[in-house]
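Examination of the molecular architecture
One letter stands for each residue in the lines below.
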Amino acid sequence: MIRVLHRWPGLLALVLVTVLALSGAALSVFPAAERLAAPQAVAEQSVADLAARVASLHPGLEEIRRSPSGTVTAWWFDGGTPGSAVIDPATGADVGSADPNGAERWLTNLHRSLFLDDAGRLVMAAGAAAMLVLALSGAALVARRTGGWRRWFARLRGPLAGRLHVELARVAVFGLALSAATALWMTASTFDLLPDGAARPADPAAASGQIAFPLEQMAALQDVPVSALRKLAFPYAGDAQDVFTLATDTGTGLIDQGTGELLSWADLTLWQQVSETIYMLHTGQGAAVLGLILGLIAFIVPVMGATGALIWIAGRRGRPRLRDNAPAGRAQTVILVGSEGGSTWGFAATLARALRDAGQAVHVSPMSAFDTTRHPKADRFLILAATYGEGDAPASAKGFLDRLTRMAPTAPLAVLGFGDRSFPAFCAFAAEVEAAARAKGWAILLPLDTVDRQSPQDFARWGRALGQAIGITLELDHQPARPEAQGLTLISRRDYGEAVQAPTAILRFALPKSTLWARLTGRGFARFQPGDLLGILPEGSAVPRFYSLASGSGDGFIEIVVKKHPGGLCSGQLLALEPGDAVQAFLRRNPGFHAGRGRAPLILIGAGTGIGPLAGIIRANARRRPVHLFFGMRHANSDFLYGDDLTEWQAEGRLTQLSTAVSRGARPHYVQDALRAEAMQVTEAIRNGARVMVCGGREMAQGVGRALEDILAPMGLTPAMLKAGGRYVEDVY
């Protein structure tokens, strides 16, 4: 709900909010400029002295005003001719025109009303309301993304547009909320929607009837410094009963023109003080530095609007168009989708289409929007849940488990998990969803089932079982959408393992050029890090194969390590490539296996091709962060991947220590053995906050886990505890 509340006001009012912000930003400069240019009163100068100086040079003086910036302006009527000017308080002489700057006047009219008077004021008030909604909902979304208000400035991950949007929001959101709220207050005051709340001095019973008392001798004016003056209005010429009206920072008083005595006084009410503070906060009048800060923040709005639109476009691109999506309140079948990369939405569209063909009213929505009250006629809930990282909820399922546990069970549900069986956390989130539903007492329409590597066959099998459960014939013929790929040209290869019949190669591809649009939207190969995934589309298969990247975009090339598997379609095609040949590939980010930017030590553990992303991390270690690499191989002579590079990186300080383990030969040795041999150094690094990163085969990772359990036990730690703190991550296949 918060995301919807944030998205639509932003998209619908983007132009209006941008005009409001930019015109306000431009206006914020004028109070500071006026403050610098305004002649200032001399030290301890009184209003009596100022009034006397101005009156001596301007016959027919009617009013003196001092703005919050310190500018003193006088108005007079002499011999039938009106006049006005900015005054030098020290001399009372004219120093400039009292007319406002033309550009300032134009911007003010644009900012307040779009040159449309009261109708324009209402339009701009709507823009301010939209900005307030955006600011408050945006703050809630930032807190949700960073993991709570206390982690407001936590490091961000993801595409450039999303990170830039949140980074700017973290700086600007509170200033924008302040500007929007004060704008709404001022609009309400303009249309008399707020009480006046002003206290006025009581009318005097009678004035002295005298006139022309010397201004410089008036006691009521001598006691008021110029710095406190708001306005001094002179009595009407020739009217002995009229009085001076003095307005200051603290209140308003009436002064006898014949004696200089204060006749009555009214302090500013609390309501007036609040109103004036709000005016100051919004305009910067009287707080020029604050005005400039808010103005700079306002300049961020167009950038946030553009990045927000890019995020929305990217989100729309990740979902297929769902035609004939039934209203939530009338749907018999509700399909809830949890997807990270967008592929699960395609399966949801196929399922929805087949159910509609069978006469069902179907509504499809993200798992994050789940609310049983929106679906009073639902006969069943079908949950299609992918798993992200090591068992985490994917992007469109954030908060689903919390929602599920808060809601009373209604219609039965079925959970279908999507994942890759080669990963240890295969469909772990889907399993967690079903377990939570059972624990809450939800009826289970079908036991948990899974789809491996987007298999249409697995999906069709589940569809037939679903059809039997609900009493219809259901055939799901899903054709996975082919990912948007680019051609990558091989520029070099380094071959290993031929001597032991285990062909392995380090393949380096040219980095395609990326447009500014691609960098902003996170598309293509604009930005990536070692540990992200390269999806290869082999000939003869619609299912991509993924390889961990051994390079980052800053290296200027794309590199992976590939071992040929018997009968392996993709690995066989890759190892048959020669420089100049090309493959179709795409990028998938894997933020859970990034080294991060901190200075804490790294313990990198890998075997065989698992060294790929670890080598990329070492290559990128320009800050000379302490890194200890444990690398396992079969034979040192044929399988020492990156051997020369590691020597060079160690000499450059990018790699602190290298420990190798050779598993074939007279004395077989594995990486877990190397870990145990270096237990003291590992323990010391862990005490210093080290992060452990493991990449390679599942058996190797299990052996490493057991070794670390033994090493960490004397410290009262376990690998599970390190994982919970984000200090133990795996990329296992």
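Described in the following lines is the structure provided in the data block. (Residues numbered from 1 in each chain as written. Predicted model: local features only at pLDDT ≥ 70, side-chain atom pairs only at ≥ 80, totals over all residues. Heavy atoms only, no water.)

Notes on the sheet that holds strand β13 (residues 444-452)
Pairing in this open sheet of five strands is parallel, and the strands run β10-β9-β11-β12-β13 from one edge to the other. Where the open sheet ends on each side, the last strands, each with one partner, are β10 (362-366) and β13. Going across the sheet, the axis of each strand differs from the next one's by a mean of 15°, ignoring polarity. Bridging between strand β9 (residues 333-338) and strand β11 (residues 380-386) involves six bridges; their strand directions are parallel. What sits directly across from Ile-335, in β11, is Leu-382. On top of the sheet, helix α14 (residues 428-440) reaches β11, β12 (413-419) and β13; it is set at about 175° to β13, its chief contact. Strands in contact with helix α15 (residues 456-470) are β11, β12 and β13; relative to β13, the strand with the most contacts, it is inclined by about 170°. (Pairing = 2+ DSSP bridges. Helix = DSSP H or I, 4+ residues; strand = E, 2+ residues; numbered from the N terminus. Axes fitted to C-alpha atoms, helices over the stretch in contact; angles between N-to-C directions. Contact = heavy atoms within 4.5 Å.)

A closer look at the pattern of salt bridges
The final tally for this structure, using the stated rule, is 16 salt bridges. Asp-458 serves as the salt-bridge partner of Arg-461, at 3.7 Å between the closest nitrogen and oxygen. Taken as a pair, Arg-461 and Asp-458 lie in helix α15 at a separation of three residues, close to a single helical turn. We classify Arg-461 as partly exposed; its relative accessible area is 35%. Its relative accessible area of 18% is what places Asp-458 among the buried residues. Its salt-bridge partner being Glu-730, residue Lys-723 comes within 3.4 Å of it at the nearest N-O pair. Within the structure, one salt-bridge network assembled from shared partners comprises Arg-230, Asp-249 and Glu-276. (Salt bridge = Lys/Arg side-chain N within 4 Å of Asp/Glu carboxyl O. Buried < 20%, exposed > 50% of the residue type's maximum accessible area, 1.4 Å probe, protein only.)

Side note on the state of the cysteines
All told, the structure shown has zero disulfides when counted by the stated rule. Cys-570 carries a free sulfur, and the closest cysteine sulfur to it, the one in Cys-695, is 16 Å from it. According to the relative accessible area criterion, Cys-570 is buried, its value standing at 2%. (Disulfide = S-S within 2.5 Å.)

It is worth stressing that arrangement in space is one thing and function is another; only the former is reported here.
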